[in-house]
Amino acid sequence: MPETTCEKLKRHFSPFTYAFTPSHIKSVLIGTVTEYETPKIVTIHSYSIALTCRFVQLLILFYAFGYLMWYKRGYQERDPSLISSVTLKVKGVASLTRNQTITLDNADFVIPPQENNAIFIMTNFIRTDQQPKRCGEGLDIKDAKCTNDSQCKAFGAYPAKSNGRWTGKCSSEGRCEIEGWCPVENDLTMPTPIMDSLNFTIFVKNFVEFTRFNVSRTNIFHDDNNKTECRYHPINDKYCPIFRIEDLLNLVEPDEDERAKMLQFGAVIRIKIDWICNLDLGQDQCKPRYSFGRLDSRYKEEKFSFGFNFRYASHWKWRTHSHRTLTKAFGLRFIVTVNGEAGQFNFLVLTLNIGSMIGVLGLATFICDIVALYFCKQGSVYRRQKFQTISLASPSTITATTAVFTKPLLINDEIHPVNPVRIKRMNSHLAEGDEC
């Protein structure tokens with residue numbers, strides 16, 4: 001009569017349920033101090049188990065030698081602790097006409113002059129000449145629109161987003177009057193960006209050191225005398241440390257409309273330098289790889305506070321009167337990140353990894369044991385051959401070596417006569433046929 005589904009499940013899960021019974025747990029605890037376990041070799045004639053074992057071993061060997069040893073260079077000692085120094089310089093001259101022709105050089109559009117691993121290049125600006133006095137509130141403050149003084153007094157002296165102290169009066173312009181720096185900046189109308197900024201160049205000078213191997217490298221190679229004339233190109237000149245602004249924008253943003261807005265409203269761009277060095281090939285082969293990306297949100301996706309801008313002011317006095325020029329600067333902020341790792345052959349690392357791989361090969365035997373014990377119909381036969389409990393006789397009762405082969409052994413609490421031929425062959429067979 002064939003087994004039902006319930007009986008099959010009960011047969012397959014019976015070893016797991018037995019493992020958590022109180023009697024089994026008690027015997028395990030007692031056995032830790034009263035029993036000694038030693039491996040036993042059992043040969044199973046089964047195509048499915050043998051093929052499973054070889055397949056798992058091939059997978060482990062491919063992973064160990066193909067991936068870990070060759071691709072990941074498991075024979076090398078690694079140094080990921082990179083010490084880096086970055087210097088950035090900008091070159092370029094721009095001119096634009098706003099009531100008059102203005103010429104700007106790198107001292108004008110690089111703000112501030114020095115940063116740590118970053119640089120800001122101004123590509124657009126709104127400039128307002130101011131002095132302390134009273135004037136109407138800015139047009140961007142909706143609550144500042146008025147027709148009488150009572151409307152301005154209702155908001156107090158310092159309403160939200162105000163550009164000065166409100167006096168409580170309504171000016172002739174129909175705006176609430178403030179006391180502060182006048183006239184108020186008007187940034188509702190954006191001017192055209194500095195198109196000449198596309199031809200600016202950024203020179204990136206990078207020094208790195210791998211302290212474990214005492215190796216220092218720079219991204220400027222002295223065997224090339226034309227580095228000052230080169231321009232970075234991802235294919236034709238991928239090691240050139242001079243980058244043109246327009247080329248960088250094309251690399252990080254394929255949309256032409258987005259690139260125009262990046263110049264007008266500003267953006268944040270990442271320049272990443274990777275030093276992945278195989279010192280076994282020589283230090284001269286340790287060269288950087290550049291990659292670029294845009295860190296801020298695209299204007300089509302961002303609805304609030306897009307771009308990159310900030311304000312700064314320059315103050316002076318004229319005939320005892322204070323003046324200032326307020327500049328709202330829009331531009332491209334470049335952030336340079338440096339990552340790296342160096343590797344070099346080390347015999348100790350090689351032997352440790354080989355030893356670990358040999359230990360992992362034992363996983364194939366473990367998997368096959370699970371298959372033979374719990375997923376084969378003849379698993380009970382394999383279990384009786386593999387797990388045996390033997391009570392050794394007292395040494396005083398053994399009178400000769402031959403007696404060992406004639407005296408019955410107590411196996412699994414049952415008395416079994418010893419078959420000399422079976423002991424000599426050291427093989428255990430399942431029933432005929434492949435039952436897995």
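A. Just the nonpolar core, in detail. Residues Ile202 and Phe334 are the most contacted members of the largest nonpolar core, which totals 53 residues. Here this core takes six residues from strand β11 (residues 267-278), the largest share from any one element. Here Phe334 is in contact with Asn117, Ala118, Ile119, Ile121, Ile202, Ile245, Leu248, Ile269 and Ile271, once residues within four sequence places are set aside. Within the second largest apolar cluster, 12 residues are counted, among which are Val42, Ile49, Ala364 and Tyr382.

B. A look at the pattern of salt bridges. In this structure the tally under the stated criterion is 18 salt bridges. A salt bridge links Arg78 to Glu341; the shortest N-O distance between them is 3.1 Å. On the criterion of sequence distance, the pair formed by Arg78 in strand β1 (residues 76-79) and Glu341 in strand β14 (residues 321-345) is long-range, its members being 263 residues apart. For Arg78, a relative accessible area of 23% corresponds to the partly exposed category. Here Glu341 falls in the partly exposed class, since its relative accessible area comes to 27%. In this structure, the salt-bridge partner of Glu185 is Arg311, at a minimum N-O distance of 2.8 Å. With Glu185 in the loop between β7 (176-182) and β8 (201-210) and Arg311 in strand β13 (residues 309-318), the pair connects residues that are 126 residues apart, well separated along the chain. Judged by its relative accessible area of 11%, Glu185 is buried. Within this structure, Glu253, Asp255, Glu258, Arg294, Asp296, Arg298 and Lys300 form a network of salt bridges that share partners.

C. Summary view of the state of the cysteines. Applying the stated criterion to the full structure yields five disulfides. A sulfur-sulfur distance of 2.1 Å marks the disulfide that ties Cys135 to Cys182. On the sign convention where negative means left-handed, the S-S torsion of about -80° between Cys135 and Cys182 marks this disulfide as left-handed. Taken together, the positions of Cys135 in strand β5 (residues 118-136) and Cys182 in strand β7 put the pair 47 residues apart, joining distant regions of the chain. Across the disulfide from Cys152 sits Cys176; the S-S distance is 2.1 Å. On the sign convention where negative is left-handed, the bridge of Cys152 and Cys176, at about -95° about the S-S bond, is left-handed.

D. Representation of unusual backbone geometry. For the bond from Ile111 to Pro112, the omega torsion is -10°, close enough to zero to count as cis. The omega angle of the peptide bond from Cys182 to Pro183 is -5°, so this bond is cis rather than trans. Assignment of secondary structure puts Pro183 in the loop between β7 and β8. Positive phi values are uncommon outside glycine, yet Arg73 reaches one of about 50°. Relative to the helices and strands, Arg73 is located in the loop between α3 (47-71) and β1. Although it is not a glycine, Asn117 sits at a positive phi angle of roughly 55°. Position of Asn117 relative to the elements: it lies in the loop between α4 (106-109) and β5. With relative accessibility at 34%, the residue Asn117 sits in the partly exposed group.

E. Inspection of a nonpolar patch on the surface at higher detail. Where nonpolar side chains cluster on the molecular surface, the patch consists of Tyr63, Tyr67, Trp70 and Tyr71 and spans about 540 Å² of accessible area. Structurally, Tyr67 is set in helix α3. On the basis of relative accessible area, Tyr67 is assigned to the partly exposed category, the value being 35%.

F. Region of the structure containing the packing of α3 against helix α8 (residues 347-374). Interaxial distance between α3 and α8 falls to 9 Å at its minimum, and their mutual angle equals 155°. Between α3 and α8, the angle falls in the class roughly antiparallel. The element α3 and its partner α8 pack so that their crossing is right-handed. Every residue of α8 that contacts α3 at Ile49, Thr52, Cys53, Val56, Gln57, Ile60, Leu61, Ala64, Leu68 and Met69 is listed here: Leu350, Asn353, Met357, Val360, Leu361, Leu363, Ala364, Ile367, Cys368 and Ala372. Here the residues of the contact of α3 with α8 are counted per class, giving 17 nonpolar, three polar and no charged.

Rules behind the numbers
- Residues numbered from 1 in each chain as written.
- Predicted model: local features only at pLDDT ≥ 70, side-chain atom pairs only at ≥ 80, totals over all residues.
- Heavy atoms only, no water.
- Core = buried A, V, L, I, M, F, W, Y, C linked by side-chain atoms within 4.5 Å.
- Buried < 20%, exposed > 50% of the residue type's maximum accessible area, 1.4 Å probe, protein only.
- Helix = DSSP H or I, 4+ residues; strand = E, 2+ residues; numbered from the N terminus.
- Contact = heavy atoms within 4.5 Å.
- Salt bridge = Lys/Arg side-chain N within 4 Å of Asp/Glu carboxyl O.
- Disulfide = S-S within 2.5 Å.
- Patch = residues over 30% accessible without salt bridge, like charges linked within 9 Å, V, L, I, M, F, W, Y side chains within 5 Å.
- Areas by Shrake-Rupley, 256 points an atom, 1.4 Å probe, with all protein chains shown as cover.
- Axes fitted to C-alpha atoms, helices over the stretch in contact; angles between N-to-C directions.
- Parallel < 35°, antiparallel > 145°, perpendicular 65-115°, else oblique.
- Left-handed = near helix turned anticlockwise from the far one by under 90°.
- Nonpolar A, V, L, I, M, F, W, Y, C, P; charged D, E, K, R; others polar.

On their own, these measurements won't tell you what the molecule is for.
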